[in-house]
Amino acid sequence: MYTALDRQWMSEALAEAQKALYLANPNPRVGCVIVKDGQVIGRGFTQQVGGPHAEIQALANAKAIGKDPTGSTIYVTLEPCCHTGRTPPCVDALIAAKPAKVIAAMDDPNPLVAGNGLEKLKVAGIEVQCGLMASEAQALNRGFISRMTRGLPWVRLKIAASLDGKTALPNGESQWITGSLARADGHHWRAQACAILTGVGTVKEDDPILNVRDVQTQRQPWRIIVDSKLETPLTAKILNDVDQSGVIIVCANVDSLDSQQKAKAFEARGIEVIAMANNFGKVDLPKLFAYLAKELEMNEIHVESGFKLNGSMLREGCVDELLLYYAPFFIGEGIGMANVPNLNSLNSRQDWKVIDQCLIGDDFRLRLIKR
């Protein structure tokens, strides 16, 4: 069905989509190339939200260099949109460009599109194919697919540990377990998330900033603190630069006078406070992630938290991906990776599948998803 040249051009479209990795949220990361007479005459990728989508960028690129897309083949990593959102439908612009064929890597899981974009192209007399290198396109957009199909963001839990699975010394010292290259790699994963989430324990013990510094990005992710009792110090570094990226504190409730006063102090700094309690007086984590997807359109959440919150998230089934960095030394007695209950039987274990493994400097990185 597809030729070697088709795969070559779609690979180039996927390379364009990679350029939107830190940029496109909450939109999907999409790339597009326009090919005519064996040459690329236009290329583009999705811009920041409200800006042009990949197809519009590619058509503009072709026009800027004096190329006519009539009769071309357009390779795009996601089905073109057919609805009016923050921008007009891309499918209308493609029809107006009069290509001979459009090849999409995957269907758009957005219910407002869901095959209708491809159908509209067919009705206009354009040949359509879909499914070329779909798995690669899907891997770029796990968060968008998750939000559209499950109503939940894709949640990635990052942990740095010693070979024996310890994340800190008994006194809490943890800086730095991994080397500088692994820490920079962690910023790559921060940069592509819609938000970076942590717990109040980490804020109080480490006082992190939790922004993106080691890679270049035009967009800083939101920062979210899970803080049942509103114990976050007003002097915490994570509360700085609210104008560059929003900060949300999620507590259990604001019923008491003390908690109401604390909430007002945070809100006076431009920090949003949300109350979301479960039956145990803690933050309702599943409800929180559903809220982030539905109300704030967040595709991907990157979690850097401590022993207790890591355990809560794993126990409550909130984690989709594990991003683990192992440093080449042993700690012995220390703080573990997650506060999870002991197993009475191996049959009750939670299994994970390794999807990627590599060396980052001297540290070993593993990525796993649920089986």
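Residues numbered from 1 in each chain as written. Predicted model: local features only at pLDDT ≥ 70, side-chain atom pairs only at ≥ 80, totals over all residues. Heavy atoms only, no water.

Draft legend 1. Looking closely at the packing of helix H2 (residues 54-64) against helix H3 (residues 90-97). Where H2 contacts H3, the axes come no closer than 9 Å and their chain directions differ by 30°. Between H2 and H3, the interaxial angle falls into the category roughly parallel. As for the relative orientation of H2 and H3, their crossing is left-handed in sense. Together, Glu55, Ile56 and Leu59 of H2 and Cys90, Ala93, Leu94 and Ala97 of H3 make up the contact between the two elements. (Axes fitted to C-alpha atoms, helices over the stretch in contact; angles between N-to-C directions. Helix = DSSP H or I, 4+ residues; strand = E, 2+ residues; numbered from the N terminus. Parallel < 35°, antiparallel > 145°, perpendicular 65-115°, else oblique. Left-handed = near helix turned anticlockwise from the far one by under 90°. Contact = heavy atoms within 4.5 Å.)

Draft legend 2. Looking closely at the UniProt feature "domain: CMP/dCMP-type deaminase" (unreviewed entry) in the protein chain. As recorded in UniProt, the sites labelled "domain: CMP/dCMP-type deaminase" (unreviewed entry) are residues 4-129. Helix makes up 33% of residues 4-129 and strand makes up 19%, while its end C-alpha atoms are separated by 15 Å. (UniProt positions renumbered as here; feature names shortened; annotations may be inferred.)

Draft legend 3. Layout of the domain arrangement of the protein chain. Split by domain assignment, the protein chain resolves into domain 1 (4-141) and domain 2 (151-221 + 232-247 + 266-272 + 284-370). Here the C-alpha centroids of domain 1 and domain 2 sit 33 Å apart. Contacts between the two partners involve 9 residues from domain 1, matched on the other side by 13 residues from domain 2. Taken together, the two surfaces of domain 1 and domain 2 that pack against each other cover about 940 Å², and 42% of this comes from carbon and sulfur. Seen at the junction of domain 1 and domain 2, the total is 1 salt bridge. The residue Glu300 makes a salt bridge to Arg29 at a minimum N-O spacing of 3.2 Å. Classifying every residue of the side of domain 1 that touches domain 2 gives 4 nonpolar, 3 polar and 2 charged. (Domains from an automatic or database assignment. Buried area = accessible area lost by both parts, 1.4 Å probe. Salt bridge = Lys/Arg side-chain N within 4 Å of Asp/Glu carboxyl O. Nonpolar A, V, L, I, M, F, W, Y, C, P; charged D, E, K, R; others polar.)

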